Amino acid sequence: GVSAPPGFAMGEASYGVPAILAVTLVTAYMLHYFAASECDLAVRFMVMVSWTLSLSIVALVPADVAATMYDEETSSLSTLWDLSYWITFTLTWFVLPFHQLYEDAGDFSALARASTSLRENGIFYGVIVFILLLGAILLTSYGAMTSESMATFALASSTIFGICAGIFALGFGLVDVPKIIWRRADVAKRQAEAHRRLGVASRALEDAFVGLRKVIKASETTREVIPRHHVYAWAVAVIARETPKSSAFEGAMDKVEDDVDGVLDYDYDELSDLVTLRRELRRRTRVYRRTAAQYAVAVENAIEAEAVFNCGAGAGGLGDRGCLMTPDGGQRRFRSPLRAPRQGRYGEAVEAVEWWWKCRV
């Protein structure tokens, strides 16, 4: 191999530290940008660790390639790869599934939520292990596999799973995203597609609203029928505090029909029933908030697409440059009708880049 230049180890370290720092900062910014305000600290921490490990490849791969080119085996790089692999493995198969179901559980104590998560994860992994054992027994009984080749079969299965998961992920990033950008290049079709997405988001928001309002009705009814001195009155009080308070949900008991799919039986006189009600309420609330945010983005995209379409006189456009151009119409700068003009030193440059990207590219 090629001999390493002088100071290679120092250069590797000088690259690795800024790269890891940059990955951490990018992850922190994405978490701040995408995380909902109601996400607790534990969820944010799990996402931060997961995203940082995923993006750490950007820092590790170039250093690994350089070390391979110069036949330099550094213990620090090997340790970082081992840590990245095993922490990712542990998070993927144990920590994140446990924490996901722990947050989703409707139990009223941390121990009960942990028990629910362990039980449901145990059922999931138990089914997988049963299917794998059944397949191994069948293959062994028919002579297609021996007991000595089981380890090889397990390694091959895990590799195939990783390859398939990577193919699906790359299929979205390398195919669907460029396809969306290509379709958005047609201004007229961009407006029609934005309106179509707005209609889909509107229907989804309506369904989420109705579903949440039904669960709110169940919560209100339960609070009314459970006496104040009932043994589970404290659990009802917890559910009442977590029930969304908004004028949009007022009068839910009068507006919602009793046709809910297994949710509104109003027979919540056991703790397990109240746990089910609380879990359903938390789920419906998350779905409604997520769908409302998606609807807001769809509205913004539809308004912006219509403004871009009206900016051009061709292809049926109205030639209205007022909302997109500067007042004199002489500078090509994008100004969204949904926000004030950008200020600051780089405001005009950003508006110019946005104009070229949204109105020309």
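Residues numbered from 1 in each chain as written. Predicted model: local features only at pLDDT ≥ 70, side-chain atom pairs only at ≥ 80, totals over all residues. Heavy atoms only, no water.

## A word on the overall build of the protein chain
For clarity, the threshold we go by: Strands here mean DSSP runs of E at least two residues long; helices mean DSSP runs of H or I at least four residues long; both are numbered from the N terminus. Relative accessibility under 20% of the residue-type maximum defines a buried residue, over 50% an exposed one, and the middle range a partly exposed one, all with a 1.4 Å probe and only protein chains included. Whether two residues are in contact is decided by their heavy atoms: any pair within 4.5 Å suffices. Residue burial considers only the protein chains on display, and all accessible areas are found by Shrake-Rupley using a 1.4 Å probe.
For the protein chain, the count of helices and strands is 11 helices and zero strands. Going from N to C terminus, the protein chain has its helices and strands arranged as α-α-α-α-α-α-α-α-α-α-α. Burial status across the protein chain gives 28% buried among its 361 residues. Within the protein chain, contacts between residues at least 6 apart in sequence are counted, and of these 66% link residues at least 24 apart. On the protein chain, roughly 23,400 Å² of surface is accessible, and the fraction owed to carbon and sulfur atoms is 65%.

## A look at the pattern of salt bridges
Using the following cut-off: For this document, the term salt bridge refers to a Lys or Arg side-chain nitrogen within 4 Å of an Asp or Glu carboxyl oxygen.
Taken as a whole, this structure holds 11 salt bridges when the rule is applied. Its salt-bridge partner being E280, residue R284 comes within 2.8 Å of it at the nearest N-O pair. Remark: E280 and R284 occur in helix α10 (residues 271-311); sequence separation between them is four residues, near one turn of the helix. Among the residues examined, E280 registers a relative accessible area of 19% and is labelled buried. It is possible to trace a salt-bridge network through shared partners that takes in D104, E120, R279, R283 and R286.

## Focus on a nonpolar patch on the surface
Our working definition: Every patch collects residues that have over 30% relative accessible area and no salt bridge, joining them within 9 Å if they carry like charges and within 5 Å if they are nonpolar side chains (Val, Leu, Ile, Met, Phe, Trp, Tyr).
Together, I123, V127, F130, I131, L134, L138 and Y142 make up a nonpolar patch on the protein surface, roughly 770 Å² of accessible area in all. Of note, F130 is situated in helix α5 (residues 110-141).

## Thoughts on the packing of aromatic side chains
We describe a pair of aromatic rings using the distance from one ring centre to the other and the angle between the two ring planes. Quick note on the threshold: Working definition: rings of Phe, Tyr and Trp (its six-membered ring) pair if their centres are within 6.5 Å, and the pair is stacked with planes under 30 degrees apart, edge-to-face with planes over 60 apart, and tilted otherwise. Geometrically, a lysine NZ or arginine CZ counts as sitting over a ring once it is within 6 Å of the ring centre and also within 35 degrees of the ring normal.
By the definition in use, this model includes 10 aromatic pairs. Centroid distance Y85 to W86: 4.9 Å. Interplanar angle 85 degrees. Geometry classified as edge-to-face. An aromatic cluster is defined as three or more aromatic residues linked by ring pairs; in this entry it consists of Y85, W86, F89 and F94. Sitting above the plane of the Y102 ring, R113 keeps its charged end 4.5 Å from the centroid.

## Comments concerning the packing of helix α2 (residues 41-55) against helix α3 (residues 57-69)
We count it as follows: Every axis corresponds to a line fitted to the C-alpha atoms, with the helix fit spanning only the stretch in contact, and the corresponding angles, defined between N-to-C directions, vary from 0 to 180 degrees. Relative orientations are named as follows: roughly parallel for angles under 35 degrees, roughly antiparallel for angles over 145 degrees, roughly perpendicular for angles from 65 to 115 degrees, and oblique for any other angle. Classes in brief: Ala, Val, Leu, Ile, Met, Phe, Trp, Tyr, Cys and Pro nonpolar; Asp, Glu, Lys and Arg charged; the others, Gly included, polar.
Between α2 and α3, the least distance of the axes is 5 Å, while the angle of their chain directions is 25 degrees. Here α2 lies roughly parallel to α3, going by the angle between them. Facing L53, S54 and L55 of α2, the residues of α3 in contact are I57, V58 and A59. Residue composition of the contact of α2 with α3, grouped by class: five nonpolar, one polar and no charged.

## Re the environment of E304
By the element assignment, E304 lies in helix α10. Here the alpha-carbon distance between E304 and Q191, two residues 113 residues apart in the chain, equals 8.6 Å. Here E304 is in contact with F334, S336 and K358, once residues within four sequence places are set aside.

## Quick notes on the side chain of T243
Spelled out, the test is: Under the rule applied, a polar contact is a pair of N or O atoms within 3.5 Å (in protein, one hydrogen donor and one hydrogen acceptor; residues adjacent in sequence only if both atoms are side-chain atoms).
Structurally, T243 is set in the loop between α8 (233-242) and α9 (252-255). Exposure remark for T243: the relative accessible area of 6% places this residue in the buried category. Looking at T243, its side chain comes within polar contact range of the main-chain oxygen of I239, at 2.7 Å. Excluding anything up to four places from it in sequence, T243 contacts I216, S219 and L281.

## Quick look at the environment of R286
Its place among the elements puts R286 in helix α10. Sequence separation between R286 and A208 is 78 residues, and the spatial gap between their C-alpha atoms is 9.5 Å. Those residues in contact with R286, other than ones at most four positions away along the chain, are E103 and D104. Separated by 2.7 Å, the side chains of R286 and D104 make a polar contact.

## What about the confidence of the model for the protein chain?
Using the following cut-off: How sure the predictor is of each residue is captured by pLDDT, a score from 0 to 100.
When the pLDDT values of the protein chain are averaged, the result is 80; 81% of them are 70 or greater. Across residues 313-323 the pLDDT falls below 50, and counting only partners more than four positions away or on other chains, this stretch makes 18 contacts in the model.

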